[in-house]
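Architecture at a glance
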Amino acid sequence: MSRTDLSGTVVGSSFSLNRRIGTGNFGDVYLCNQVVLNRDSALKVVRTTSADFLSNVLEPELQHLVAHPQIVRVESAEVWIDASQNPHILIEMEIMEGGSLQDAIQNDISLRDAVSALKDALFALHHAHSFGIIHRDVKPGNILFGRNGAKLSDFGIAMAVSRRVRVSNFIYNANLAPESIHAPVFNPQSDVYAAGLALFRAVNNIKNWRSTRATLTDWKASFLAGTVVKDLGFQDHVPKKLQRIIKKACHADPTKRFASSAAFRDALERLSFERDWKPTANGWECMHSGKAERICITQKGSSWSVDCFRGQNRRRPACKSGLTEARAKAYAASVIAETTLS
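The structure reproduced in this document is the subject of the present report. (Residues numbered from 1 in each chain as written. Predicted model: local features only at pLDDT ≥ 70, side-chain atom pairs only at ≥ 80, totals over all residues. Heavy atoms only, no water.)

**Brief notes about the overall build of the protein**
Helix and strand content of the protein: eleven helices and 17 strands. Since a compact globule built from 342 residues should have a radius of gyration of about 20 Å, the 22 Å found for the protein is in line with a globular shape. Dimensions along the principal axes, computed over C-alpha positions, put the protein at roughly 70 × 45 × 35 Å. Of all 342 residues assigned to the protein, the portion counted as buried reaches 50%. Here the analysis covers contacts within the protein between residues at least 6 apart in sequence; of these, 56% occur between residues at least 24 apart. Accessible surface computed for the protein: about 16,400 Å², of which carbon and sulfur atoms make up 50%. (Helix = DSSP H or I, 4+ residues; strand = E, 2+ residues; numbered from the N terminus. Rg over C-alpha atoms; globule rule 2.2 N^0.38 Å. Buried < 20%, exposed > 50% of the residue type's maximum accessible area, 1.4 Å probe, protein only. Contact = heavy atoms within 4.5 Å. Areas by Shrake-Rupley, 256 points an atom, 1.4 Å probe, with all protein chains shown as cover.)

**Description of the packing of aromatic side chains**
The full count for this structure, using the stated rule, is four aromatic pairs. Seen from their ring centres, Phe 200 and Phe 234 are 5.2 Å apart, and the 80° between their planes marks the pair as edge-to-face. You can see Phe 200 sitting in helix α5 (residues 188-203) and its partner Phe 234 sitting in the loop between α8 (228-232) and α9 (240-249), a full 34 residues away along the chain. Assigned by exposure class, Phe 200 and Phe 234 land together as buried. Their ring planes at 5° and their centres at 5.2 Å tell us that Phe 258 and Phe 264 sit as a pair that is stacked. Taken individually, Phe 258 and Phe 264 each receive the classification buried, so the pair is uniform in this respect. In this structure an aromatic cluster arises from ring pairing among Trp 209, Trp 219 and Phe 223. If you follow Arg 294 out to its NZ or CZ, it ends over the ring of Phe 309, 4.4 Å from the centre. In this arrangement the basic side chain of Lys 320 is found over the ring face of Tyr 331, its NZ or CZ atom lying 5.2 Å from the centre. (Phe/Tyr/Trp six-rings, centres within 6.5 Å; stacked < 30°, edge-to-face > 60°. Lys NZ or Arg CZ within 6 Å of the ring centre and 35° of its normal.)

**Here's the deal with the nonpolar core**
Ranked by internal contacts, the top residues of the largest apolar core, which has 54 residues, are Leu 101, Leu 197, Leu 199, Val 203, Leu 242, Phe 264 and Leu 268. For this core, the secondary structure elements donating two or more residues are α2 (101-106), α3 (111-130), β8 (143-146), β9 (149-152), α5, α8, α9 and α10 (261-269). In terms of nonpolar packing, the next biggest core, distinct from the first, is built from 16 residues, Trp 284, Ile 295, Val 306 and Ala 332 among them. (Core = buried A, V, L, I, M, F, W, Y, C linked by side-chain atoms within 4.5 Å.)

**With respect to the sheet that holds strand β5 (residues 74-81)**
Read across the sheet, six strands follow the order β1-β2-β3-β4-β6-β5 without closing on themselves; strand pairing throughout is antiparallel. The outermost strands of the open sheet, each flanked by one partner alone, are β1 (10-11) and β5. The pairing of β5 with strand β6 (residues 87-93) spans seven bridges and is classified as antiparallel. By the bridge assignment for β6, Val 74 is matched with Met 93. (Pairing = 2+ DSSP bridges.)

**A word on the pattern of salt bridges**
This structure, assessed with the given rule, holds 20 salt bridges. Residue Glu 325 pairs with Lys 329 through a salt bridge whose shortest N-O separation is 3.2 Å. Note that Glu 325 and Lys 329 are positioned in helix α11 (residues 325-339) at a spacing of four residues, about one turn of the helix. On the basis of relative accessibility, which here comes to 35%, the residue Glu 325 falls in the partly exposed class. For Lys 329, a relative accessible area of 47% puts it in the partly exposed group. One network of salt bridges, in which partners are shared, links Arg 73, Glu 75, Glu 94 and Lys 151. (Salt bridge = Lys/Arg side-chain N within 4 Å of Asp/Glu carboxyl O.)

**A look at the side chain of His 135**
Following the sequence through the fold, His 135 ends up in the loop between β7 (133-134) and β8. Here Asp 154 takes part through its backbone oxygen, which lies 2.9 Å from a polar atom of the side chain of His 135. (Polar contact = N/O pair within 3.5 Å; in protein donor to acceptor, adjacent residues only side chain to side chain.)

**Observations concerning the packing of α5 against α10**
Axis separation between α5 and α10 bottoms out at 10 Å; the angle between their running directions is 30°. One finds that α5 runs roughly parallel with respect to α10. Note on packing geometry: the crossing formed by α5 with α10 is right-handed. Of α10, the residues touching α5 (which contributes Val 192, Ala 195, Gly 196 and Leu 199) are Ser 261, Phe 264 and Leu 268. Here the contact of α5 with α10 is built from residues that sort into five nonpolar, two polar and no charged. (Axes fitted to C-alpha atoms, helices over the stretch in contact; angles between N-to-C directions. Parallel < 35°, antiparallel > 145°, perpendicular 65-115°, else oblique. Left-handed = near helix turned anticlockwise from the far one by under 90°. Nonpolar A, V, L, I, M, F, W, Y, C, P; charged D, E, K, R; others polar.)

So this is what it looks like as structure tokens:
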């Protein structure tokens, strides 16, 4: 949806908007200065109507209600009427300087950092669920990085189960559990599914979810059947232990998923990371026990080779040559999968 960029204007009681940093289905987010307090913050501007007003007000109310170290903090909220007499909800939040998990995926986030971000988000989800609040929109773009790890944001389509109210009827279809598409049914297990799918996207470094799911013969059928993870599959560098956890979180049958976001998080906590491999232009690199380790994929004449280094020393038993490009990349990825976890 295209909306007027309000950067450079003052809105509400005292918010000077510096620049727009995000846009979504319901509103835009700006870096701003709260002039009265001289406080820098992030401001979500949500245009509303008389019919939607009460549900739109619920977003900051719910996010404030579930205040938690791993949930983006709401500083204030107010109603603003623009010059055309259009009402807006202004939601002032803390600034998350590190961008989103989706941004990190664009920069090839490591497996360890992806898992760490999801553990923080699951901590937040468990807290929200204890209040009877279902997020309904867990995705990489709503997991934000700050000084103290990752935090869950955007309760714009959350549902307060105990009050039988929801912030919006909009549904983020590309991250929904199958039962939520069919019924729709929303509960903690549907949030677990969405969180699992967010982790699936992160560990596979899926930069464009729309184009990736479009590679499936019938992506809508995959979502309806709950088989999208199976149908897309994992990249070779993802360890089997981690694959099994994600598959359980995204099981088509809710009763076979983790019973709660806390149980999902506990499973991730039991993973022990030995190396924090990061992709490079021609392979992978990490620090291990004080020394740099590298895996280099290079073309030599008509064939390809994989060379493994620890410090300046070439680890000959792990090196391979005379490969096709595809086999060289697959072999390097298999080394990553075997050495990431202890």
